[in-house]
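What the coordinates show
Next come the chains, spelled out residue by residue.
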Amino acid sequence: MEWEIVIGLEIHVQLSTQSKLFSGASTRFGAEPNTQACAVDLAMPGTLPVPNEEAFRYAVMFGLAMNAEIGKRSIFERKNYFYPDLPKGYQTTQLEQPIVGPGEVEIHLEGGSHKKIRLHHAHLEEDAGKSLHEDFQSMSGIDLNRAGTPLIEIVSEPDMRSAVEAVAFLKKIHSIVTYLGISDGDMSQGSLRCDANVSVRVKGTDKLGTRTELKNINSFRFVERAIKVEAERQIDILENGGSITQETRLYDADKNETRSMRSKEVANDYRYFPCPDLLPVSLTDDYIEQLRGTLPELPDTKALRFQSEYQLSVYDADQVTQERASADFFEAVCKSCGEPKLTANWINGELAALLNRQGITIHQSPVSAEQLAGLISRIKDNTISSKTAKQVFEAIADGAGNADEVIEKRGLKQVSDTSAIEKMVDDVIAASPTQVENYRKADESKRPKMMGYFVGQIMKSSKGQANPQMINNMLRKKLGELL
Amino acid sequence: MAVDTQTVEKLAELARIAISKQTIEEVSNRLGDVLQLVDQLQAVNTDGIAPMAHPLDEIQVLRADKITESNNRKDFLELAPQTEDGLYLVPKVID
Amino acid sequence: MHQLTIAEIIRGLRSKEFSSTELTRHLLGRIQQLDGSYNSFISITEEKALAQAKAADQRLADGDAPVLCGVPIAHKDIICTSGVRTSCASKMLDNFIPPYDATLVENLNTAGTVTLGKTNMDEFAMGSSNESSYYGPVKNPWDTGYVPGGSSGGSAAAVAALLVPGATATDTGGSIRQPAALTNTTGLKPTYGRVSRFGVVAYASSLDQAGPIARNAEDAAHLLSAMASHDPKDSTSLDHPHTDFTAGLDNSVAGLKIGVPKEYFGEGLNPETASRVQDALKELEKLGAQLVDISLPHTELAIPAYYVIAPAEASANLSRFDGVRYGHRCEDPSDLRDLYMRSRGEGFGEEVQRRILVGTYALSAGYYDAYYNKAQQARRLVKQDFVQAFDKVDVIMGPTTPSPAFKLGAKSANPIAMYLEDIYTIATNLAGLPGMSIPCGLVNNMPVGLQITGNYLDEARMLNIAHQYQQVTDWHKASAV
């Protein structure tokens, strides 16, 4: 039987406001526990919430970027449940009239195909604090610094059909929120968190299967692996005649498996009702239109522009525009060196690998845009070969200075002087009588391959600094003369 | 309208209030009295009447995004029954 | 000195007949000596009061003192006072000392008032007799065998017993007006949003409103002028310019149209109470006011709507009391659930638990539409009655309560009978309108209150009417002690 996986995502994005959604406490990450939890965040008796204007601005910007309806009148509800990281005993959130209504966005898949994913809605809500389980015998410690940080919860329709599509959607959301500058999108710090609703059904049928909710799968890689392994689990159960229990499951990355979260099993009744401490928020058309005018160029538009302005391939353009920072980096490098294709290759290749290795973002790149442009310029004017360039790049990354300094200091300048090249070629022919003899006797069609030996010898003796193009030309000429 | 003790137990669980076995009967009866009182509402026709969550038709005023609060952890932690290393302590939270 | 009204104290302090320190000492002594009989205070803040009085005397001597400078008052114990226990008369908050002031306390401190202490109340303001306090019931100074009303029974009793000339209070369904009526004091619940709720521990957020209890309308006007403000810390606070509520007290009430709703004089109203209220209305007619018969047809929906909405909001508002960050925590909780269940089971009294459970029920899956939503629709019908009435009349008057004070314990076994105490006051809260109770006579030597309900933000007119009435009558001067 052929199975189809159906996936919907719920993505929580922390908004990068200065202060919290309902209080004037700082949202800075990494402070000492409970030093950024004010009376309102701690739900001290008698305290009241006052909503943050910037959080609304950010949410509307997101809605506009998703081509979504904007809730001109939105209201906050209370979602009631007891948990120690939730000081008020209810979360202030939106249910009936969220700030962002239905919308849609395109995801890009390998091979250049595109697919539309629908947004169900997105709403503003407050984040909870954190429970820390280490260091206290049979106790948990509660840090409420994060309590009250503004979030938008983005709820997709169940439109994704594979783990790959789910990751592409998550990446798209990441890309949009970072382009808009409304979140730092840092998944390692929990700025962007993802839950996935996963079900399977026999391909060709319409009815949705029973779904499970995978909680807190907080990296692109885990999202992909968790969905895959959960779908396999469900298919396995169904193929053995079993049935799926609707439940919340936790992904265990170490074991690469999902397991039931028993604590969430107790049937909950959240008793939502409109928060009486907050009034309806009303937004005017003028306000919304004015915000639309301030939206930055978004990834899809930018990718199209890069294709036409820089003649990048669809793939290169998509890659380089996925993150605003890398697109900005690309444009800075390109402006300085005038080599779009090479620039894209270097950013998507060596630089991406380097950042990945060091686990850092392009903001923290040890090679600046100016340095990369300098390096590419030296490739372009034949001062160094592409191969040497990789060596120079590593040196720049290690803090050895810019390309020119490294080339100069280490004597990596490519030899492009005709008489020097000629001497190298003569030397290798003189030193390799056997190989020359074999070359002469060989069939015409096999000769180009055999030339590799001579090139290799020259590169070895010149420490890679000989201009490979010139070597090739000179060798072909000299060996030809011996035939 | 009577409320059975099972319902009361469910409500007490949702509201996280321990009710002793001895008093649950009485609580059920009292709750039933109150619900009988509020059930008078069922008699009135409210078709087409918008629910009213606030007495006045005011619109929310939003606050500028400024940090106005400073660290008062010491004052607040002093109010707590059990703390350690700047954290509030509770019996172990199990996920 | 304890018989002085706030207006008289303001004059006396300026003419140097006495100092704030002398007055404060005198009243503190009186509380010490007499409050054992009334139990109207939960905390007495002697040291702070004397320091505030000393500072006030200095300002008075310097000549830059604001109007209320040096006037002693008390705060209901649901209103947060920095460094002073704020218990809500609950075991849950018996040890709670907030590090912040409510905005209204800040306003009164700025105005120079001297805080003598925190007054007793029904636990979390849930009650109409002041018998649900963790610190024991308050007794009515008119007869200590009777209740003073609630939930602001401590504030009302303290003013009636001449322990303090004025006090702050809160009113969610009648908690200022009903005890004012039962203790022969003047109490005003302002328009919803007139006084900031920041720092007032929430019972039912869309109904709660703080206001003054005093010995006459002029004093209430002084207190309200200082309490009211637009507060950016309270989203529901009204952005309205500051008003001096004493400015129009001497205006004439000739031509005033007083609506008299027939529903407020029906079954359940004590005939003698009705007769005192009728007398008061006749008195106002003599002052040139015109009585207009009106109808508020949805009056009977007010109580059932209130007992859905208030408990629903309360059930969420009181979730923060969980034994984690402040307040009562049970001994040796075995796990997290046990911590919650026992801390809340032990910390909350019976009536508070009952209302939380009712509210939980009204909001729970399957009942929301039939209860919560229906009640919010009924609420609009109640409000519309008032809006239509105010097209025809300037104010609405009737009895504050169906009968004078009842005996301690008389209704504590029957919550429904207790709830009906607020039958005339609750609709005002549902609509967010200002309401007031002023003394209008005695029945068997127990006080009767006249309720004045005004249009939105029309407190100045209500105070003006009350003041004019008090110029031609002496009921408000009748003393319990």
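So, how was this worked out
- Residues numbered from 1 in each chain as written.
- Chains lettered and ligands numbered in written order.
- Predicted model: local features only at pLDDT ≥ 70, side-chain atom pairs only at ≥ 80, totals over all residues.
- Heavy atoms only, no water.
- UniProt positions renumbered as here; feature names shortened; annotations may be inferred.
- Contact = heavy atoms within 4.5 Å.
- Buried area = accessible area lost by both parts, 1.4 Å probe.
- Salt bridge = Lys/Arg side-chain N within 4 Å of Asp/Glu carboxyl O.
- Polar contact = N/O pair within 3.5 Å; in protein donor to acceptor, adjacent residues only side chain to side chain.
- Helix = DSSP H or I, 4+ residues; strand = E, 2+ residues; numbered from the N terminus.
- Nonpolar A, V, L, I, M, F, W, Y, C, P; charged D, E, K, R; others polar.

- Named according to an unreviewed UniProt entry, chain C is Glutamyl-tRNA(Gln) amidotransferase subunit A originating from Microbulbifer okhotskensis.
- Regarding chain C, the relevant UniProt record gives this comment under Catalytic activity (unreviewed entry): "L-glutamyl-tRNA(Gln) + L-glutamine + ATP + H2O = L-glutaminyl-tRNA(Gln) + L-glutamate + ADP + phosphate + H(+)".
- One UniProt comment on chain C, placed under Sequence similarities (unreviewed entry), says "Belongs to the amidase family. GatA subfamily."

- An unreviewed UniProt entry annotates chain B as Aspartyl/glutamyl-tRNA(Asn/Gln) amidotransferase subunit C of Microbulbifer okhotskensis.
- Its UniProt record gives chain B the following Sequence similarities (unreviewed entry) comment, quoted word for word: "Belongs to the GatC family."
- Its UniProt record, at the heading Subunit (unreviewed entry), says of chain B: "Heterotrimer of A, B and C subunits."

1. Structural notes on the interface of chain A and chain B
- Opposite the 53 residues of chain A that make contact, chain B presents 34 residues.
- Around 3,800 Å² of area is buried between chain A and chain B when both sides are counted, 62% of it from carbon and sulfur atoms.
- The three residues of chain A that bury the most area against chain B are Phe136, Met139 and Leu279 of chain A, which together make up 15% of that side's buried surface.
- At the junction of chain A and chain B, the tally comes to zero salt bridges.
- There are 23 residue pairs in polar contact (both at pLDDT 80 or more) connecting chain A and chain B.
- Broken down by secondary-structure element, the contributors of at least two residues to the side of chain A that touches chain B are helix H1 (53-65), strand E7 (130-132), strand E8 (139-143) and strand E15 (281-282) of chain A.
- Considering every element that reaches the side of chain A that touches chain B, the biggest residue donor is E8 of chain A, with five residues.
- Here the side of chain A that touches chain B is composed, by residue class, of 28 nonpolar, 17 polar and eight charged.

2. Looking at the interface of chain C and chain B
- In this assembly, 60 residues from chain C lie in contact with 49 residues from chain B.
- Both faces combined, the contact of chain C with chain B buries some 5,000 Å², and carbon together with sulfur accounts for 69% of it.
- Summed over the shared surface of chain C and chain B, the result is two salt bridges.
- Where chain C packs against chain B, one counts 20 residue pairs in polar contact (both at pLDDT 80 or more).

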